Amino acid sequence: DRNNITAAKIWLEEYNTEAEKVRPEAQEASWTWNTNITDYNNRLKLEAEKKKSEFDKRSYNQTLNWDWKNFTEINAKRQFYKIADIGESVLPTDKFQQITKAKSNMQSVYSKARVCNKPGDQDPSKCYPLNPTLENIMAKSTDWKELAWAWEGWRNETGRKMPDDYEKFVELANEAAGMNGYTDNGDYWRSWYETENFEKQMEELFIGLKDLYKLLHAYARKKLKERFVGHPFPDSGQIPAHLLGNMWAQSWGNLFTLLAPYPGKPLDVTEMMREQNYTTRKMFDLSEKFFTDLGLDPMPPKFYNDSMLDKPEDGRDVVCHASAWDFYNRKDFRIKQCTQVTMDWLITTHHEMGHVQYFLQYKDQPVVFRRGANPGFHEAIGDVLALSVSTPKHLKKINLLRPNQNPDDEELQLNFLMNQALKKIAFIPFGYLIDQWRWKVFKGETKKDEYNEDWWNLRCKHQGVSPPVQRFNTDFDAGSKFHVPNNTPYIRYFVSYVIQFQFHKALCKEAGHNGPLHKCDIDQSTEAGNKLAAMMKLGSSKEWPDAMEAITGQRKMNVSDLIEYFAPLEDWLKKEVKNETLGWDDQCGRNFTIP
Ligand SMILES: O=C(CCC(O)(O)[C@H](Cc1ccccc1)NC(=O)c1ccccc1)N[C@@H](Cc1c[nH]c2ccccc12)C(=O)O
Ligand SMILES: [Zn+2]
């Protein structure tokens, strides 16, 4: 009968066995398309996703045979709750095909996009991809026109071609969410945090970090005005978005040579990697060794054979944006990325390896529990280890610090903190605003003809950046960022950037570190590794405060550890910008220059 827990548990076993067959097939078809974008592979992907959605629907219907909401066994009840949460699979077949098609269209446009007519090119029909060319231009160029060409061209070739598909996706995703009992798709996405007034909590964390961001923003703006003297910066105080070393101004690390407090003491890890003939494989071996030295798991033998770690040179179209893949059969785990030999990519490699380590640690959980305690946890693992790898102390240990440099030199340490701030503090408003925008779109508060206006309202208000050229409602600049056409939620990265410092603080204590937090390197501490592993083994079987408590002893997210980490730099910045006006007007001033 409906309350027979023994029979229910038998059914759960059967569900898991079936899921460990259906999911690998769907993953394999998705992998084939992601590593070779063709119409044929797209059809196979659609077919496999259809099969998986039918399995999800069937399973949902079978959960109705049990009064699982009244089960006293928490673990079984939570498995039923997750099995019944089938997302877009709830849609009838034709609508499911439509939403999958709209998503594939946008992903294909994004991954195939190329930008032509580069200023100074003899052959105007020569076209360039984001990875590596446009990313390198945004990182290295100090030519206003060249930066504006890449910035505007990328948006013309991606976002501008998506509004219709995006509107279709929003409509169908909201319909699916409604059928599952949510008010809209944003409500569904936020439900994964199982947290009362989650939006309010995010806003409070963001407010707690604003002052720190304003200091860094004022300093960067001051130095960029010197570099681009004669070029227009809006009176309203924003920084033109194409000057910050990154296509989306989400990470300012490429401005290190301009912004380092002591330029004479560089951290030029990329050059050191190149001088030592680093290869992609060496970067992965280095990362894997950090994990195994903590007592965590090595990569399975198949991992290196089956992964795609470099951009293919045979001209085929692939999804270059990095991702880690769990095939839900406890055997297949892969990474797909178009690695370049740079420090940024060494960090990204740790980020992706963090995802795979989580897969390995929770692989014996029931399939529905093979997820992060909340999505932010999954994004934080690799970044926590990278906080140790990036320290001058660790770089010295792995011979990526110049031999004549002393890792304990206080000026070098301040340069290191600035480098970290340009990646971690600069990211905060960007990590916050993407889903502020999407949640409003899903709520119906932002209509299609307001997509771009609302996007720039948030970019100007929260991030303090402005468009370098005139923007129109026929533009769709949100679509120029991978996660929007790929429909990957983004608040997870904002959460990760907060909790990774809580994890770092706790693991450093476990590793017996004394002294300033930013000098801590947990390398080789199996005590720290054991704590991290114990948390990861839980997967999503427990609510995330339990997982947080397993590492930090606390049950809440808070920004105090991040602020503690950057305290020495905050003092330096306050002195550096004491004659500057901090912040900017909510609205972007209007003074574009058409190049
Ligand atoms: O997007 C990524 C890395 C890609 C990912 O590893 O997060 C990837 C995104 C993705 C999700 C879904 C489909 C395809 C790609 N997420 C995963 O691979 C993943 C796998 C399993 C569980 C959770 C996430 N980073 C973000 C920001 C970021 C956070 N930490 C970083 C460290 C270095 C560089 C960038 C970042 C960005 O580039 O804007
Ligand atoms: Zn990630």
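To keep things clear, this report deals only with the structure shown in the data block. (Residues numbered from 1 in each chain as written. Chains lettered and ligands numbered in written order. Predicted model: local features only at pLDDT ≥ 70, side-chain atom pairs only at ≥ 80, totals over all residues. Heavy atoms only, no water.)

Section: the overall build of the chain
Here's step 1: Each helix and strand in the chain was counted, giving 23 helices and four strands.
Here's step 2: The C-alpha radius of gyration of the chain comes to 24 Å, within 12% of the 25 Å expected for a compact globule of 595 residues.
Here's step 3: The principal-axis extent of the C-alpha atoms belonging to the chain is close to 75 × 55 × 50 Å.
Here's step 4: Considering only intrachain contacts with a sequence separation of at least 6, the fraction spanning at least 24 residues in the chain is 78%.
Here's step 5: Within the structure as shown, the chain displays about 23,900 Å² of accessible surface, and the carbon and sulfur contribution to it stands at 48%.
Here's step 6: Looking at the chain, you have 80 positive and 85 negative side-chain charges, and the mean spots of the two groups are 1 Å apart. (Helix = DSSP H or I, 4+ residues; strand = E, 2+ residues; numbered from the N terminus. Rg over C-alpha atoms; globule rule 2.2 N^0.38 Å. Contact = heavy atoms within 4.5 Å. Areas by Shrake-Rupley, 256 points an atom, 1.4 Å probe, with all protein chains shown as cover. Lys, Arg positive; Asp, Glu negative; His and termini not counted. Charge placed at Lys NZ, Arg CZ, Asp CG, Glu CD.)

Considering the state of the cysteines
Here's step 1: Applying the stated criterion to the full structure yields four disulfides.
Here's step 2: Sulfur-sulfur distance for the disulfide between cysteine 460 and cysteine 588 comes to 1.9 Å. A torsion of -100° about the S-S bond marks the disulfide between cysteine 460 and cysteine 588 as left-handed. In this pair, cysteine 460 is assigned in helix H19 (residues 451-463) and cysteine 588 in the segment after helix H23 (560-576), connecting sequence segments 128 residues apart. For the pair cysteine 460 and cysteine 588, one class covers both residues: buried.
Here's step 3: Shown here is the disulfide that connects cysteine 508 with cysteine 520, its sulfur atoms set 2.0 Å apart. Disulfide cysteine 508-cysteine 520: the torsion about the S-S bond is -100°, which places it as left-handed. In this pair, cysteine 508 is assigned in helix H20 (residues 491-510) and cysteine 520 in the loop between H20 and helix H21 (526-537), connecting sequence segments 12 residues apart. There is no split in this pair, since cysteine 508 and cysteine 520 are both buried.
Here's step 4: Disulfide connectivity for the chain, with bonded cysteines indexed by sequence position, reads 1-2, 3-4, 5-8, 6-7. (Disulfide = S-S within 2.5 Å. Buried < 20%, exposed > 50% of the residue type's maximum accessible area, 1.4 Å probe, protein only.)

Focus: the site of ligand 1
Here's step 1: By nearness alone, 22 residues border ligand 1, and His321, Ala324, Glu352, Tyr490 and Tyr493 come closest of all.
Here's step 2: Separating an oxygen atom of ligand 1 from a backbone N or O atom of alanine 324 is a distance of 2.8 Å.
Here's step 3: Within the side chain of tyrosine 497, a nitrogen or oxygen atom sits 3.5 Å from a nitrogen atom of ligand 1.
Here's step 4: Take the shell around ligand 1: its biggest share by element is five residues, from helix H14 (residues 343-361). (Near = heavy atom within 4 Å. Polar contact = N/O pair within 3.5 Å; in protein donor to acceptor, adjacent residues only side chain to side chain.)

Focus on the packing of helix H2 (residues 39-63) against helix H4 (residues 93-112)
Here's step 1: Taken N-terminus to C-terminus, the directions of H2 and H4 make an angle of 140°; their axes are 11 Å apart at the nearest point. As far as their axial angle goes, H4 and H2 are oblique. Considering only the axes of H2 and H4, their crossing is right-handed. Here Asn42, Lys45, Leu46, Glu49, Lys50, Ser53 and Lys57 of H2 lie close against H4, whose contacting residues are Thr93, Phe96, Gln97, Thr100, Lys101, Ser104 and Gln107.
Here's step 2: Of the residues contributing to the contact of H2 with H4, the split by class is two nonpolar, seven polar and five charged. (Axes fitted to C-alpha atoms, helices over the stretch in contact; angles between N-to-C directions. Parallel < 35°, antiparallel > 145°, perpendicular 65-115°, else oblique. Left-handed = near helix turned anticlockwise from the far one by under 90°. Nonpolar A, V, L, I, M, F, W, Y, C, P; charged D, E, K, R; others polar.)

Thoughts on the pairing of strand S3 (residues 333-336)
Here's step 1: Burial along S3 is two-sided: Phe333 and Ile335 facing one way and Arg334 and Lys336 facing the other are all buried.
Here's step 2: Bridge count for strand S2 (residues 323-326) against S3 is four bridges, and the pairing is antiparallel. Across the sheet, aspartate 326 pairs through a bridge with phenylalanine 333, a residue of S3.
Here's step 3: Counting the residues between successive antiparallel strands, the hairpin from S2 to S3 contains six residues, one of them, tyrosine 328, with a positive phi of roughly 55°. (Pairing = 2+ DSSP bridges.)

Focus on the side chain of serine 390
Here's step 1: Residue placement: serine 390 occurs in the loop between helix H15 (375-389) and helix H16 (392-397).
Here's step 2: Here the side chain of serine 390 touches alanine 386 through a polar contact of 2.6 Å, landing on its backbone oxygen.
Here's step 3: Among residues more than four places away in sequence, those in contact with serine 390 are Met343, Ile347, Leu395, Phe416 and Gln420.

Some remarks on the pattern of salt bridges
Here's step 1: Inspection of every chain in the model, using the stated rule, returns 47 salt bridges.
Here's step 2: In this structure, the salt-bridge partner of aspartate 164 is lysine 448, at a minimum N-O distance of 2.6 Å. Placement of the pair is aspartate 164 in helix H7 (residues 163-179) and lysine 448 in the loop between helix H18 (427-443) and H19, with a sequence separation of 284 residues.
Here's step 3: Members of the salt-bridge network, linked through shared partners, are Glu20, Arg330, Lys363, Asp364 and Arg370. (Salt bridge = Lys/Arg side-chain N within 4 Å of Asp/Glu carboxyl O.)

Details of the environment of cysteine 116
Here's step 1: Tracing the backbone through its elements, the reader meets cysteine 116 in the loop between H4 and helix H5 (130-140).
Here's step 2: Judged by relative accessible area, which is 26%, cysteine 116 ranks as partly exposed.
Here's step 3: In this structure the C-alpha to C-alpha distance between cysteine 116 and glutamate 157, which are 41 residues apart in sequence, comes to 9.6 Å.
Here's step 4: Once you skip the residues sitting within four places of it in the chain, cysteine 116 turns out to touch Pro124, Lys126, Cys127 and Trp149.

A look at the environment of glutamate 379
Here's step 1: On the secondary structure map, glutamate 379 appears in helix H15.
Here's step 2: Along the sequence, glutamate 379 and glutamate 352 sit 27 residues apart, while their C-alpha atoms lie 8.6 Å from each other.
Here's step 3: The contacts of glutamate 379, once residues within four sequence positions are left out, are His351, His355, Arg492, Tyr493 and Ser496.

Remarks on the environment of aspartate 344
Here's step 1: Within the element layout of this structure, aspartate 344 appears in helix H14.
Here's step 2: For the pair aspartate 344 and asparagine 254, spaced 90 residues apart in sequence, the C-alpha separation works out to 9.3 Å.
Here's step 3: Once residues within four sequence positions are removed from consideration, aspartate 344 is found in contact with Asn254 and Lys423.

What is shown is where atoms sit, not what they do.
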